[in-house]
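Notes for the structure review
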Amino acid sequence: MLPAPTVPVVSEILAEPQPGAIQTIGLLVLSAGGALLTDGLSISGATPQPIGPALIWLEEVPPLPPEPAPVVLGAISYLVVEARGILEGPGAFGPGGAYMYRLTSATLISRSSRDLTIDLLLRNSALYSGQPVRLSGELLASPQSALLVERLGPGGVPADNTRQIKLSDPLRDEAVRQQLTTSNDGRIVFGPVEILGIWRNTTLYPLIIEVR
């Protein structure tokens with residue numbers, strides 16, 4: 001059996017943007033101002049907001065199925081979706097021309113996440129490849145990398161025989177960083193988190209990180 005095709009996250013699409021037909025997976029973020037696609041949302045600060053510049057504006061949102069319902073957080077709501085449509089840009093789209101890219105003729109497919117343990121995910125890695133998953137564990141992040149670990153010992157050192165997952169990027173959410181414990185030298189932050197992300201082969205692409 002051939003492996004399922006890889007659907008890129010929004011930042012991968014915009015790393016080398018090619019206007020035209022695209023397919024991507026990420027978060028649909030809805031607010032009174034409109035809708036956008038992103039692959040990072042900070043919910044740990046005073047106001048939920050997208051992380052980083054990888055944003056695609058949607059002029060119109062097609063009807064979505066009733067399940068799963070978007071998660072409501074104050075003035076915004078979000079939902080993991082697989083999106084297809086025509087990418088346009090660079091330009092000036094959305095309110096105040098704030099977005100460089102937009103998606104037209106969009107089709108959105110809601111994607112439910114699976115609540116898993118790190119051990120269960122790693123033992124069934126191929127089964128969940130390309131799927132949204134929700135995991136709990138201990139985040140261990142340096143300026144260069146980030147790991148989700150089953151258990152950490154004193155000082156943020158992984159416990160013996162603990163399993164771990166590599167995150168695709170260093171920690172991007174500064175509100176999360178401020179809520180974690182900092183090592184004595186100030187380089188490492190660590191602590192318990194829950195992550196909603198996209199699993200691909202051996203790497204987790206985090207969409208939302210929440211400190212527990």
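See the structure shown above.
Bear in mind that the values here come from a model prediction, so they are computed numbers and not experimental data. (Residues numbered from 1 in each chain as written. Predicted model: local features only at pLDDT ≥ 70, side-chain atom pairs only at ≥ 80, totals over all residues. Heavy atoms only, no water.)

**Here we look at the pattern of salt bridges**
By the definition in use, this model includes 13 salt bridges. With a closest N to O distance of 3.7 Å, R172 and D39 form a salt bridge. Here R172 is found in the loop between strand 12 (164–167) and helix 4 (174–179), whereas its partner D39 is found in the loop between strand 2 (34–38) and strand 3 (41–42), with 133 residues between them in sequence. R172 sits in the partly exposed class, given a relative accessible area of 32%. Since its relative accessible area comes to 4%, D39 is described here as buried. A salt bridge links R163 to D119; the nearest nitrogen and oxygen atoms lie 2.8 Å apart. (Salt bridge = Lys/Arg side-chain N within 4 Å of Asp/Glu carboxyl O. Helix = DSSP H or I, 4+ residues; strand = E, 2+ residues; numbered from the N terminus. Buried < 20%, exposed > 50% of the residue type's maximum accessible area, 1.4 Å probe, protein only.)

**Here we look at the nonpolar core**
In this structure, L135, L139, L171, L180, V193 and I209 are the most contacted members of the largest nonpolar core, which totals 22 residues. At the level of elements, helix 2 (118–123), strand 10 (132–141), strand 11 (146–149), strand 12, strand 14 (189–200) and strand 15 (203–211) are the ones that each hand at least two residues to this core. Ignoring anything within four residues of it in the chain, the contact list for V193 reads L135, S136, G137, L139, L148, L180, I209, E210, V211 and R212. One finds V9, L41, L55 and Y78 within the second-largest nonpolar core, a separate group that totals 20 residues. (Core = buried A, V, L, I, M, F, W, Y, C linked by side-chain atoms within 4.5 Å. Contact = heavy atoms within 4.5 Å.)

**Things to note about unusual backbone geometry**
That bond from E67 to P68 is cis: its omega, -5°, falls within 30 degrees of zero. Looking at the secondary structure, you find P68 in the loop between strand 5 (55–58) and strand 6 (71–73). At the junction of G89 and P90, the peptide bond is cis and its omega measures out at 5° in the coordinates. One can find P90 in the loop between strand 7 (76–88) and strand 8 (102–110). For N161, which is not glycine, the phi torsion reads 60° and is therefore positive. Within the secondary structure, N161 is located in the loop between strand 11 and strand 12.

**What to know about the pairing of strand 7**
Among the 13 residues in strand 7, 10 count as buried, and that is most of the element. Here strand 1 (residues 20–31) runs beside strand 7; their pairing, made up of 11 bridges, is antiparallel. Bridging from a neighbouring strand, I25 pairs with E82 of strand 7. When strand 6 meets strand 7, the two strands line up antiparallel, connected through 3 bridges. Following the sheet pairing, V72 is matched in strand 7 by S77. Between strand 6 and strand 7, which pair antiparallel in sequence order, lie 2 residues; one of them, G74, sits at a positive phi of approximately 65°. In terms of strand pairing, strand 7 meets strand 8 through 7 bridges, oriented antiparallel. Counterpart to I86 in the pairing with strand 8 is T104. (Pairing = 2+ DSSP bridges.)

**Some points on the packing of aromatic side chains**
The geometry of an aromatic ring pair is captured by two quantities: the separation of the ring centres and the angle between the planes. Counted under the stated rule, the structure contains 1 aromatic pair. With a centroid separation of 5.2 Å and 15° between ring planes, the pair formed by W57 and Y99 is classed as stacked. Of the two residues, W57 is situated in strand 5 and Y99 in the loop between strand 7 and strand 8; the sequence distance between them amounts to 42 residues. For Y99, a relative accessible area of 18% translates into the label buried. In this arrangement the basic side chain of R200 is found over the ring face of Y205, its NZ or CZ atom lying 4.4 Å from the centre. (Phe/Tyr/Trp six-rings, centres within 6.5 Å; stacked < 30°, edge-to-face > 60°. Lys NZ or Arg CZ within 6 Å of the ring centre and 35° of its normal.)

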